[in-house]
Amino acid sequence: ETGVTQTPRHLVMGMTNKKSLKCEQHLGHNAMYWYKQSAKKPLELMFVYNFKEQTENNSVPSRFSPECPNSSHLFLHLHTLQPEDSALYLCASSQDAGGTTAGNTIYFGEGSWLTVV
Amino acid sequence: RKEVEQDPGPFNVPEGATVAFNCTYSNSASQSFFWYRQDCRKEPKLLMSVYSSGNEDGRFTAQLNRASQYISLLIRDSKLSDSATYLCVVNELTGGGNKLTFGTGTQLKVEL
């Protein structure tokens, strides 16, 4: 059983729809992340939250809106997406977003497969 | 130049073979390094951290060469279950905290 759970696992949405991806971590971590994985491309960091505060927005278009109500939950609100936004969206968590020890590793959820039509 | 560069493969090897992957990184300020494994249509999972002195975990050996800015992963006695994509991950400490940069991955196919 994964310590990071994401819902829904699969989502198909039209370009005018509004939907949300949900992530919950049960690891007692303080940092949570959204990554995007497109075919043939490396994972792209989208957002970082550390102790509920957004510490990084990697130039993500405003049609993606994150929300972190507490250290265990992270949402990604989707609005007027484009077909090129179709990808696997991965949530992840780590003990915190600072520090450089190899032990501060990152754990991923199973991902949400998003298709924009 | 890509921040983290890997040969995408695929590497097709027979069961029992030894296979090695290399990864180069461009930022000399990078401070920690990892190998992740990703199975088809699954999330990445930590395989092992990479320490300066090199480290071994069973059939897997990871090494770091800071001077040349590359890390390697050696898999001995390959199993069918080793078939996956192996992601090189480099961590840099920025003002916002840890910044993990992923390579595109190297695909390994172990065959009978």
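Criteria and thresholds
Residues numbered from 1 in each chain as written. Chains lettered and ligands numbered in written order. Predicted model: local features only at pLDDT ≥ 70, side-chain atom pairs only at ≥ 80, totals over all residues. Heavy atoms only, no water. Core = buried A, V, L, I, M, F, W, Y, C linked by side-chain atoms within 4.5 Å. Buried < 20%, exposed > 50% of the residue type's maximum accessible area, 1.4 Å probe, protein only. Helix = DSSP H or I, 4+ residues; strand = E, 2+ residues; numbered from the N terminus. Contact = heavy atoms within 4.5 Å. Salt bridge = Lys/Arg side-chain N within 4 Å of Asp/Glu carboxyl O. Polar contact = N/O pair within 3.5 Å; in protein donor to acceptor, adjacent residues only side chain to side chain. Nonpolar A, V, L, I, M, F, W, Y, C, P; charged D, E, K, R; others polar. Pairing = 2+ DSSP bridges. Axes fitted to C-alpha atoms, helices over the stretch in contact; angles between N-to-C directions.

S.K.: For this particular structure, what's the right way to read the nonpolar core?
M.R.: Soluble globular proteins: nonpolar side chains tend toward being buried together. By size, the foremost hydrophobic cluster in this structure holds 23 residues, and its most contacted members are F21(B), W35(B), I71(B), L73(B), I75(B), Y86(B) and L108(B). Listed by contribution, the elements that provide at least two residues to this core are β3 (19-25), β4 (32-38), β5 (44-50), β7 (60-65), β8 (70-75), β9 (84-94) and β11 (106-111) of chain B. Leave out the neighbours within four places in its chain, and L73(B) touches V19(B), A20(B), F21(B), W35(B), L47(B), M48(B), F60(B), T61(B) and Y86(B). Membership of the second largest hydrophobic core comes to 22 residues, among which are C23(A), Y49(A), V60(A) and V116(A).

S.K.: Got a minute to help me understand the interface of chain A and chain B in this structure?
M.R.: One frequent convention defines the size of an interface as the accessible area lost when the parts assemble. On the side of chain B, 21 residues touch chain A, which itself brings 23 residues to the contact. Put simply, chain A and chain B have zero salt bridges between them. The interface formed by chain A and chain B includes two residue pairs in polar contact (both at pLDDT 80 or more). Partitioned by chemical class, the residues of the side of chain A that touches chain B number 10 nonpolar, nine polar and four charged.

S.K.: What's the story with the sheet that holds strand β8 (residues 73-79) of chain A in this structure? I'm lost.
M.R.: Two orientations exist for strands paired in a sheet by backbone hydrogen bonds: parallel and antiparallel. Residues and elements named next belong to chain A. As summarised here, the arrangement of the four strands in space is β1-β3-β8-β7, forming an open sheet in which the pairing is antiparallel. Each edge of the open sheet is held by one strand with a lone partner, namely β1 (4-7) and β7 (64-70). Neighbour-to-neighbour, the strand axes of the sheet open up by a mean angle of 20 degrees, direction not taken into account. Pairing between β7 and β8: five bridges, direction antiparallel. Among the inter-strand pairings, S65 is bridged to a residue of β8, identified as H77.

S.K.: Any chance you could explain the pattern of salt bridges here in plain terms?
M.R.: Any two side chains of opposite charge can pair, so long as their charged atoms come close to each other. All names here are of chain B. Overall, the coordinates contain six salt bridges over all chains when judged by the stated rule. Here R76 ties to E56 by a salt bridge, and the two come within 3.5 Å at their closest N and O atoms. Here the residue R76 occupies a position in the loop between β8 and β9, and E56 occupies one in strand β6 (residues 55-57), the gap between them amounting to 20 residues. According to the relative accessible area criterion, R76 is partly exposed, its value standing at 27%.

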